[in-house]
Amino acid sequence: MSQKLIDAMADLDEDLIVSEVKALVEKKVPTLEIISYLQEGMGIVGKRFEQKEYFLSELIMSAELFNTASALLGGIGGAASSKYGTFVMGTIYDDIHDIGKNIVTTVMSSNGFHVVDLGVDVPTAKYIEAIKEYKPKVIGISCLLTTAFDNVKECISSIEAAGLRDSVKILIGGGPVDEATCKYVKADHVCRNAQETVEYAKKYMGV
Ligand code: B12
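Residues numbered from 1 in each chain as written. Predicted model: local features only at pLDDT ≥ 70, side-chain atom pairs only at ≥ 80, totals over all residues. Heavy atoms only, no water.

## Re the overall build of the protein
Here is step 1: Tallying secondary structure elements over the protein gives nine helices and five strands in all.
Here is step 2: In the protein, the succession of α and β elements from N to C terminus is α-α-α-α-β-α-β-α-β-α-β-α-β-α.
Here is step 3: Compactness check: the protein gives a C-alpha radius of gyration of 17 Å against a globular reference of 17 Å for 207 residues, within 12% of the reference.
Here is step 4: When its C-alpha atoms are laid out on the principal axes, the protein stretches across 50 × 40 × 25 Å. (Helix = DSSP H or I, 4+ residues; strand = E, 2+ residues; numbered from the N terminus. Rg over C-alpha atoms; globule rule 2.2 N^0.38 Å.)

Structure, rendered in structure tokens:
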């Protein structure tokens, strides 16, 4: 547990983030554990933003600091080879958050999945095209904005209307997404982090 890193991220203290990440890497703390501290710090940044203690500039800065810290971690996970099936992933339309999505795609590909990353602000048509083209057994939709929950719901019901719903399991994730959201948008499962995504994707792909 590194309260120091959580606090440094929450306080947007770049020097402390860099030195603490380096110290944890030196101590061979697992990369995903270090990411979880950064994520917890980001959660506090979000709360301070909500309470108007931080403004948009701080949100932007937090994203930059997260990227700086990630760069110190090098490749996340192990060797990349695609021994399992294809995983299609994107951030739903109207939403441009991509830090969590990028962690999930990197960890999935380093765990042996072939990942097709559709990017951010992804329209429904692009998901449908990708399902037809790559025939994945599992897809992922990232959503960080409660205002975009209806977009996820629309996307999933359009996938169903296109006759493709039975062919894919749909995982969702992102800060405010929970079990109730999962039920509301009619996804199959909500994952809290990248490791859980690997586990569920394996389960759904039967590996
Ligand atoms: C950084 C950040 C930004 C950056 C994003 C930069 C980027 N390149 O992504 C910038 C500054 C651009 C930004 C903009 C905005 N943001 Co913002 N942002 C954040 C912040 C602080 C951190 C998000 C983050 O990266 N977390 C770290 C990652 C690692 O965590 P994660 O995304 O949850 O991902 C993990 C898991 O959830 C899971 N996961 C994620 N996705 C998926 C998908 C699948 C399929 C699976 C299985 C798992 C999975 O695995 C990941 C790894 O463990 C959050 C606060 C928070 N607590 O989340 C606010 C937050 C999400 N933002 C918010 C808001 C309001 C906005 C803006 C509307 C602000 C504005 N007024 O303009 C805009 C919206 C822009 C848009 N159209 O998308 C609100 C949303 C509130 C709400 N109820 O919807 C939050 C919650 C802040 C707050 N508390 O008010 N933001």
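## Section: helix α9 (residues 194–205)
Here is step 1: Compared with the 16 Å implied by 1.5 Å per residue over twelve residues, the 16 Å span of α9 between its first and last C-alpha is a close match.
Here is step 2: Taken together, the buried positions of α9 are occupied by A194, E196, T197, V198, A201 and M205.
Here is step 3: Where α9 is buried, its residues touch β1 (86–91), α5 (99–110), β3 (138–142), β4 (169–173) and β5 (189–190).
Here is step 4: N-cap assignment for α9: the residue whose side-chain oxygen lies 3.2 Å from the backbone N of Q195 is N193.
Here is step 5: G206 sits one or two residues past α9 and shows a positive phi near 70°. (Expected span 1.5 Å × (residues − 1). Buried < 20%, exposed > 50% of the residue type's maximum accessible area, 1.4 Å probe, protein only. Contact = heavy atoms within 4.5 Å. Polar contact = N/O pair within 3.5 Å; in protein donor to acceptor, adjacent residues only side chain to side chain.)

## Looking at the site of the ligand
Here is step 1: As a structural note, the neighbourhood of the ligand is formed by 38 residues, with I96, H97, D98, S142 and T146 the closest of them.
Here is step 2: Within the contact set of the ligand, a nitrogen atom lies 3.0 Å away from a backbone nitrogen or oxygen of D94.
Here is step 3: Here S142 contributes a side-chain N or O atom positioned 2.8 Å from a nitrogen atom of the ligand.
Here is step 4: According to the grid-proximity analysis, the pocket containing the ligand is the largest pocket.
Here is step 5: Along the lines of polarity and charge, the residues of the shell around the ligand split into 19 nonpolar, 14 polar and five charged.
Here is step 6: Here the shell around the ligand spans two domains, and each of domain 1 (3–73) and domain 2 (86–205) adds at least three residues to it. (Near = heavy atom within 4 Å. 1 Å grid on protein atoms, 1.4 Å probe; cavity = no way out; pocket = protein on both sides within 12 Å on 5 of 7 lines; lining within 4 Å. Sits in = over half its atoms within 2 Å of the grid points. Nonpolar A, V, L, I, M, F, W, Y, C, P; charged D, E, K, R; others polar. Domains from an automatic or database assignment.)

## What about the pairing of strand β2 (residues 114–117)?
Here is step 1: Alignment of β1 against β2, held across four bridges, turns out to be parallel. Bridging across to β2, M89 finds its partner in D117.
Here is step 2: Between the parallel pair β1 and β2, the chain is carried across by α5, and the sense of this crossover is right-handed. (Pairing = 2+ DSSP bridges. Right-handed = clockwise from strand over helix to strand, strands pointing away.)

## Focus on the sheet that holds β1
Here is step 1: If you walk across this open sheet you meet the five strands as β2-β1-β3-β4-β5, and the pairing is parallel. Every interior strand has two partners, whereas the edge strands, β2 and β5, have only one.
Here is step 2: Relative to β5, β4 runs parallel, the two being bridged by two bridges. In the strand pairing of β5, L171 is matched with H189.
Here is step 3: Across the sheet, α5 is in contact with β1, β2 and β3; its angle to β1 comes to roughly 170°.
Here is step 4: Across the sheet, α9 touches β1, β3, β4 and β5, and the angle it forms with β4 is around 170°. (Axes fitted to C-alpha atoms, helices over the stretch in contact; angles between N-to-C directions.)

## Points about helix α1 (residues 3–10)
Structurally, the α-helix is built with 3.6 residues per turn, so residues lying three or four positions apart point the same way.
Here is step 1: Taken together, the buried positions of α1 are occupied by L5, I6, A8, M9 and A10.
Here is step 2: If you follow the buried residues of α1, they end up packed against α2 (14–26), α3 (31–50) and α4 (56–73).
Here is step 3: Two residues or fewer after α1 comes L12, characterised by a positive phi angle close to 55°.

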